[in-house]
Amino acid sequence: QVQLAESGGGSVQPGGSLRLSCTVSGRDSIIDAMGWYRQAPGKERELIAAITGSGLTNYENSVKGRFTISRDNAKNTVTLQMNSLQPEDTAVYYCSGEEYGVAYWGKGTLVTVFS
């Protein structure tokens, strides 16, 4: 059974940084399409960063230049480095992988940016 587990959320002041990690377990091979989503209070879940198995990345405009997605295929992990955090980045962050039309989700980790 494939499981995704996020870690690294927490509280930080504006301008601060956090590093989120996602570990994929239950399989030996990687999931090619991986991404980070977030859901702010009262808003829909949105894709903010994506990465392919070969390392191609894509970002939502509001996080470009501040967030960096990366992966370690040997360890089956995906990381989201978040810099210059702002209050509007406050949300639950989810790791997701998709393969052959099947989506896998973690339970999410809360990121709070407060003044």
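Shown above is the structure to which this text applies.
Residues numbered from 1 in each chain as written. Predicted model: local features only at pLDDT ≥ 70, side-chain atom pairs only at ≥ 80, totals over all residues. Heavy atoms only, no water.

Q: Explain the packing of aromatic side chains here, please?
A: Two aromatic rings are characterised by how far apart their centres lie and by the angle between their planes. Inspection of the entire model under this criterion finds two aromatic pairs. Ring centres of Tyr94 and Trp105 lie 6.4 Å apart, and the angle between their planes is 85°; this geometry places the pair in the edge-to-face category. With Tyr94 in strand S9 (residues 91-99) and Trp105 in strand S10 (residues 102-105), this pair connects stretches of sequence that are eleven residues apart. Here a set of aromatic residues connected by ring pairs shows up, and it is made of Tyr37, Tyr94 and Trp105. Between Arg45 and the ring centre of Tyr94, over which it is positioned, the NZ or CZ distance is 3.7 Å. A cation over a ring is seen here: Arg45 above Trp105, with NZ or CZ 4.7 Å from the ring centre. (Phe/Tyr/Trp six-rings, centres within 6.5 Å; stacked < 30°, edge-to-face > 60°. Helix = DSSP H or I, 4+ residues; strand = E, 2+ residues; numbered from the N terminus. Lys NZ or Arg CZ within 6 Å of the ring centre and 35° of its normal.)

Q: Would you mind showing me how to read the environment of Lys107 here?
A: Within the secondary structure layout, Lys107 lies in the loop between S10 and strand S11 (109-113). Here the alpha-carbon distance between Lys107 and Gln3, two residues 104 residues apart in the chain, equals 9.6 Å. When sequence neighbours within four positions are dropped, the list of residues in contact with Lys107 reads Leu4, Glu6 and Tyr94. (Contact = heavy atoms within 4.5 Å.)

Q: Looking at this structure, I do not really get the pairing of strand S5 (residues 46-51). What am I missing?
A: Residues in a regular strand project their side chains so that they alternate between the two faces of the sheet. Here strand S4 (residues 33-39) pairs with S5 via five bridges, running antiparallel. Across the sheet, residue Gly35 finds its bridge partner in S5, namely Ala50. Adjacent in sequence and paired antiparallel, S4 and S5 are bridged by six residues, among which Gly42 carries a positive phi angle near 75°. Of the strand pairs in this sheet, S5 and strand S6 (residues 57-59) are connected by three bridges, and their pairing is antiparallel. Pairing of Ile51 across the sheet is with Thr57, part of S6. Hairpin connection of S5 to S6: five residues between the antiparallel strands, including Gly55 at a positive phi of 100°. (Pairing = 2+ DSSP bridges.)

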